[in-house]
Structures are given as structure tokens and as C-alpha cells.
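An overview of the molecular structure
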Amino acid sequence: MEALEQVADGRATVRVRSEVGAAAAFWCGGSTGVGREHHVEWTVEEDVAWGGNTRPATSFSPGVDEEEGGRIVFRGRLGLTGDGGATLEVVGTRILFDLADPPPSAAVDGTWVEISVERNSVSLWPFLL
């Protein structure tokens, strides 16, 4: 991960690289962690809106990519939790999401999807294995 900039609230924006892609997001760890290798938890503060920011995937492989306009696209298998939430599995990592109304059909549970979110809604938290 490499530092890109620091924003007004003191958080750093970093570029994280993984086996499935790279993206810039807010770093929520200590400043000494920037520039080093970490295991991270992705936190996304944007809901899954089927037909809006979420659609069937064009590729059946996991991915994390950046789009023009400051958006991050996560590609993985969607899991509906039944309690108004969802998970996106990307290479064994599960990212938690809330569902926007109306929720997607149960038929999309377990399918490959792409979720495109604003970069400013994504944070990275370091953790130990």
C-alpha cells in the first residue's frame, strides 16, 4: 500500500494492491502502517442497490478495480443474509453491505455481481491474522 494524500479530517488516502486488483481508499490504521504490507478489512458505507450500483458481473472472477470518476468496483459472489444485508465474497474475504429498497430478488443470491461505489465510502482497517 502506498500513501496518496491526506484529507482534512486527518485520514490518509492510500492505494492498496491485492492479487485481484488495486484501488485507492481511506486508511484507518496508524500512520506508521502506511507503505507496509497488511491484511485489511474493507468497510463500505454504501448500500447495494440492484440495477443502480449493483449489476450482474461481466466476468466470473473476483476483482477490485477503479473506474473514472472516483468509483471502486468490487466483483465477487453476492450472498443475501435475509436480514436486510448482503455479503460480497472476494477471494475468501467477505465485505458486508446493507440492501437498499427494493432489495434484489432471492434469485441473485450466490451469483457473480459487480458493485460500484464512491471511493469516499470505502475504508481500509488493518488487522492481524
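Below: a short report on this structure. Here the structure is a predicted model, which is why all the values come from computation and not from measurement.

Thresholds, definitions, all that
- Numbers given to residues run from 1 along each chain, matching the order in which its sequence is written.
- The predicted nature of this model means local features are confined to residues of pLDDT at least 70 and side-chain atom pairs, given and counted, to a pLDDT of 80 or more, with totals for whole chains, interfaces and linings taken over all residues.
- Computation of side-chain values: all heavy atoms of the structure, hydrogens and water removed.
- Each helix corresponds to a stretch of at least 4 residues labelled H or I by DSSP, and each strand to a stretch of at least 2 residues labelled E; elements are numbered beginning at the N terminus.
- Classification of residues uses two cut-offs on accessible area relative to the type maximum, computed with a 1.4 Å probe and protein chains only: under 20% is buried, over 50% is exposed, and between them is partly exposed.
- Between two residues, a contact is recorded if the distance between any of their heavy atoms is within 4.5 Å.
- To pair, rings of Phe, Tyr and Trp, with the six-membered ring standing in for Trp, must have centres within 6.5 Å; the planes then decide the type, stacked if under 30 degrees apart, edge-to-face if over 60, and tilted in the middle.
- What makes a salt bridge here is a side-chain nitrogen of Lys or Arg within 4 Å of a carboxyl oxygen of Asp or Glu, nothing more.

**Considerations on the environment of Pro-56**
- One can find Pro-56 in strand E5 (residues 54-56).
- Since its relative accessible area comes to 52%, Pro-56 is described here as exposed.
- Each C-alpha atom, one on Pro-56 and one on Arg-77, is 9.9 Å from the other, the two residues being 21 residues apart in sequence.
- If we ignore the near neighbours within four places in the chain, the residues touching Pro-56 are Trp-50, Trp-112, Val-113 and Glu-114.

**Structural notes on unusual backbone geometry**
- Cis geometry is found at the peptide bond from Asp-101 to Pro-102, where omega equals -5 degrees.
- Its place among the elements puts Pro-102 in the loop between strand E9 (93-98) and strand E10 (112-118).
- Located in the positive-phi region is Val-91, a residue other than glycine, with phi close to 50 degrees.
- Considering the arrangement of structural elements, one finds Val-91 in the loop between strand E8 (85-90) and E9.

**Quick look at the packing of aromatic side chains**
- For the structure on display, the rule yields 1 aromatic pair.
- Plain terms: the ring middles of Trp-42 and Phe-74 are 5.2 Å apart, the flat faces sit at 85 degrees to each other, and that makes the pair edge-to-face. With Trp-42 in strand E4 (residues 39-44) and Phe-74 in strand E7 (residues 71-80), this residue pair connects regions lying 32 residues apart in the sequence. The two residues Trp-42 and Phe-74 agree in class, both being buried.

**A closer look at the pattern of salt bridges**
- One pass over the full model with this rule turns up 7 salt bridges.
- When the shortest N-O distance is used, the salt bridge between Arg-71 and Glu-46 registers 3.6 Å. Placement of the pair is Arg-71 in strand E7 and Glu-46 in the loop between E4 and E5, with a sequence separation of 25 residues. Comparing Arg-71 with Glu-46, the two get one shared label, buried.
- Ionic pairing is found between Arg-94 and Glu-89, a salt bridge with its closest N-O pair at 3.5 Å.
- Glu-89 gets classed as partly exposed once you look at its relative accessible area, which sits at 32%.
- Among the charged side chains, a salt-bridge network with shared partners connects Arg-55, Asp-65, Arg-75 and Glu-114.

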